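Fold and contact review
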Amino acid sequence: MEAKKYATYAEIEKDLEILKLEKDIQYQKLLLSVQKTRESFTPQGIVKNFLGSYQTIFSESYMTIINMALPYLVKWLFKKFKKT
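Residues numbered from 1 in each chain as written. Predicted model: local features only at pLDDT ≥ 70, side-chain atom pairs only at ≥ 80, totals over all residues. Heavy atoms only, no water.

As for the overall build of the protein chain
- Across its full length, the protein chain carries 3 helices and 0 strands.
- Scanning the protein chain from its N terminus toward the C terminus, one meets helices and strands in the order α-α-α.
- Buried residues in the protein chain amount to 7% of all 84 residues.
- Summing over all exposed atoms, the protein chain offers an accessible surface of approximately 8100 Å²; the carbon and sulfur share of this is 65%. (Helix = DSSP H or I, 4+ residues; strand = E, 2+ residues; numbered from the N terminus. Buried < 20%, exposed > 50% of the residue type's maximum accessible area, 1.4 Å probe, protein only. Areas by Shrake-Rupley, 256 points an atom, 1.4 Å probe, with all protein chains shown as cover.)

Have a look at this one:
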């Protein structure tokens, strides 16, 4: 790879600013990816991922009901297993 030749400091500063912005964009993408991965490992995320594969089988109204009832179901299961 041939080194780029600059005529002025302004060109250097412009390229450095572009590289900084590209680095910031990549960093934000990484943070978003980590956040999505964390969310997928929560109990709700695991069930959503599991049920997401069956979304074509269920109509949209059934999925809405399941998504609304899911937190209550998870709490009930935790309470049930905690008592025993």
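Next comes the rest of the write-up.
So, the pattern of salt bridges
- Scanning the entire structure with this criterion turns up 2 salt bridges.
- A salt bridge links K4 to D15; the shortest N-O distance between them is 3.0 Å. Taken together, the positions of K4 in the segment before α1 (9-40) and D15 in helix α1 put the pair 11 residues apart, joining distant regions of the chain.
- One salt bridge in this structure joins D24 and K20, with 3.3 Å as the shortest N-O distance. Remark: K20 and D24 occur in helix α1; sequence separation between them is 4 residues, near one turn of the helix.
- By relative accessible area, which is 31% here, D24 ends up partly exposed. (Salt bridge = Lys/Arg side-chain N within 4 Å of Asp/Glu carboxyl O.)

Topic: the side chain of D15
- Residue class for D15 comes out buried when judged on its relative accessible area of 18%.
- Non-local contacts of D15, meaning those with residues more than four positions away in its chain, are made with K4 and Y6. (Contact = heavy atoms within 4.5 Å.)

Topic: a nonpolar patch on the surface
- Residues Y27, L30, L31 and V34 make up a contiguous nonpolar surface patch of roughly 370 Å² in combined accessible area.
- As for its placement among the helices and strands, L30 is situated in helix α1. (Patch = residues over 30% accessible without salt bridge, like charges linked within 9 Å, V, L, I, M, F, W, Y side chains within 5 Å.)

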